[in-house]
Amino acid sequence: MRDSQHGGQGDRGSDGLTVLARTVVARLVARDGVPVKPVDDAMVASIARALVTPGITQFEGMRQDLRRARITEIDLVDTYFPAVARYLGCAWVDDTAPFTDVTIGVARMQAILRQVGRDWTSNAAPDPAGGSVLVVIPEGEQHSFGAVLMAGQLRRQGISVRLEIGTPARTLRRTVHEASFDCAMISIACEEKLDPCREVVSALKDGADGRLRAAAGGALLERPLDVRGRTGADIAT
């Protein structure tokens, strides 16, 4: 995966993170000008069942159903896959499905995302004005699907992305010292990972001589915690 060298850290002012964040959000919300379709709950359940069935043939057999419902590959991964992940997670919490269903379902969704993502805008042809982002999932963090999905969305919008999963802080320090990024986005889902996230933020800032802005986000922000203060990130969103 290629590191983008355009739009270096030293080229942006103190509001650089805010400007880039607004650009990213605007691009993702716009979705190429196409309004987001409402989610069909019955289709969500069908996709979930197909994904956890042994073998992938049942999901492949749903392709015709998806086409009839006018669900594109972008609709599938941007809208339906997050809904399916929630569906599987809630089924496990409610003791109506084993955790193996969650594991298998999410793993297959990530595999499908990688497959269809090859046809989308990637680091091979970044938008010169799109910016470059480092997406980090700290060591030991088990919830990676959301960050992987977001990385795919960003690349599709012409933003150059480097995704680091479970990379030690010392290695991340070297990464941002050797390559230039407009900002870093760190995904955290568990309170136990606040300290590792703070270590990551510190390493990123040290490696970039304080020039790199860091955003912390993820499921943990649904809880009443001072994520920004406890991680040292510039913004929690």
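Provided above is the structure to which this section pertains.
Residues numbered from 1 in each chain as written. Predicted model: local features only at pLDDT ≥ 70, side-chain atom pairs only at ≥ 80, totals over all residues. Heavy atoms only, no water.

Colleague: Tell me about the overall build of the chain, residues and numbers included.
Modeller: A tally of helices and strands in the chain yields 10 helices and 5 strands. Within the chain, buried positions represent 46% of all 237 residues. For the chain, the proportion of contacts with a sequence separation of at least 24, taken over those separated by at least 6, is 77%. If you sum the accessible surface of the chain, you get close to 12,100 Å²; carbon and sulfur atoms cover 52% of it. (Helix = DSSP H or I, 4+ residues; strand = E, 2+ residues; numbered from the N terminus. Buried < 20%, exposed > 50% of the residue type's maximum accessible area, 1.4 Å probe, protein only. Contact = heavy atoms within 4.5 Å. Areas by Shrake-Rupley, 256 points an atom, 1.4 Å probe, with all protein chains shown as cover.)

Colleague: Would you mind going over a nonpolar patch on the surface in detail, with residue names and values included?
Modeller: On the surface, Trp92, Val93 and Phe99 cluster together into a nonpolar patch covering about 320 Å² of accessible area. With respect to the element layout, Val93 can be found in helix 5 (residues 73–93). On the accessibility criterion, Val93 (59% relative accessible area) is exposed. (Patch = residues over 30% accessible without salt bridge, like charges linked within 9 Å, V, L, I, M, F, W, Y side chains within 5 Å. Salt bridge = Lys/Arg side-chain N within 4 Å of Asp/Glu carboxyl O.)

Colleague: Please give an account of helix 7 (residues 145–156) that cites residues and values.
Modeller: For helix 7, which comprises 12 residues, the first-to-last C-alpha distance of 17 Å matches the rise-based estimate of 16 Å (1.5 Å per residue) to within 8%. Helix 7 sits mainly inside the fold: 10 of its 12 residues count as buried. What helix 7 keeps buried is the set Phe145, Ala147, Val148, Leu149, Ala151, Gly152, Gln153, Leu154, Arg155 and Arg156. Of the residues one or two after helix 7, Gly158 is the one with positive phi, at around 90°. (Expected span 1.5 Å × (residues − 1).)

Colleague: Tell me about unusual backbone geometry, and please be specific about residues and values.
Modeller: Of note, the phi angle at Asp95 is positive, near 60°, even though the residue is not glycine. Considering the arrangement of structural elements, one finds Asp95 in the loop between helix 5 and helix 6 (99–117). By relative accessible area, Asp95 is classed as exposed at 70%. In the Ramachandran plot, Asp209 falls in the positive-phi region, its phi being about 55° despite a non-glycine side chain.

Colleague: So, the pairing of strand 4 (residues 213–217): which residues are in play, and what are the values?
Modeller: Burial within strand 4 is extensive, with 4 of its 5 residues counted as buried. By the bridge criterion, 5 bridges tie strand 3 (residues 183–187) to strand 4 in an arrangement that is parallel. By the bridge assignment, Ile186 is partnered in strand 4 with Ala216. With helix 9 (residues 194–207) bridging strand 3 and its parallel neighbour strand 4, the resulting β-α-β unit is right-handed. (Pairing = 2+ DSSP bridges. Right-handed = clockwise from strand over helix to strand, strands pointing away.)

Colleague: Explain the pairing of strand 2 (residues 160–165) residue by residue, including any values.
Modeller: Both strand 1 (residues 132–137) and strand 2 contribute to a ladder of 6 bridges, which runs parallel. Looking at strand 2, one finds that Val135 is bridged to Leu163. The parallel pair strand 1 and strand 2 is bridged by helix 7, and the resulting crossover is right-handed.

Colleague: How would you sum up the packing of helix 8 (residues 169–178) against helix 9? Please name residues and give values.
Modeller: Each packed pair of helices is defined by two parameters, the angle between the axes and the distance between the axes. In the contact formed by helix 8 and helix 9, the axes pass within 7 Å of each other and the chain directions differ by 30°. Classified by the interaxial angle, the pair formed by helix 8 and helix 9 is roughly parallel. As for the relative orientation of helix 8 and helix 9, their crossing is right-handed in sense. Residue-level contacts link Ala169, Leu172, Arg173, Val176 and His177 of helix 8 to Glu199, Val200, Ala203, Leu204, Asp206 and Gly207 of helix 9. Among the residues making up the contact of helix 8 with helix 9, the classes are represented as 6 nonpolar, 2 polar and 3 charged. (Axes fitted to C-alpha atoms, helices over the stretch in contact; angles between N-to-C directions. Parallel < 35°, antiparallel > 145°, perpendicular 65-115°, else oblique. Left-handed = near helix turned anticlockwise from the far one by under 90°. Nonpolar A, V, L, I, M, F, W, Y, C, P; charged D, E, K, R; others polar.)

Colleague: Lay out the sheet that holds strand 1 in plain terms, naming residues and giving numbers.
Modeller: Spatially, the 5 strands line up as an open sheet ordered 2-1-3-4-5, and their pairing is parallel. Single-partner strands in this sheet number two, and they are strand 2 and strand 5 (235–236). Where strand 1 meets strand 3, 4 bridges bridge the pair, whose relative direction is parallel. What sits directly across from Val136, in strand 3, is Ile186. On the sheet, helix 9 packs against strand 1, strand 3 and strand 4 and is oriented at approximately 170° with respect to strand 3.

Colleague: Go over the side chain of Asp78, please, and point to the residues and values.
Modeller: As for its position among the elements, Asp78 is in helix 5. Here the side chain of Asp78 touches Gln153 through a polar contact of 3.2 Å, side chain to side chain. Separated by 2.4 Å, the side chains of Asp78 and Arg156 make a polar contact. (Polar contact = N/O pair within 3.5 Å; in protein donor to acceptor, adjacent residues only side chain to side chain.)

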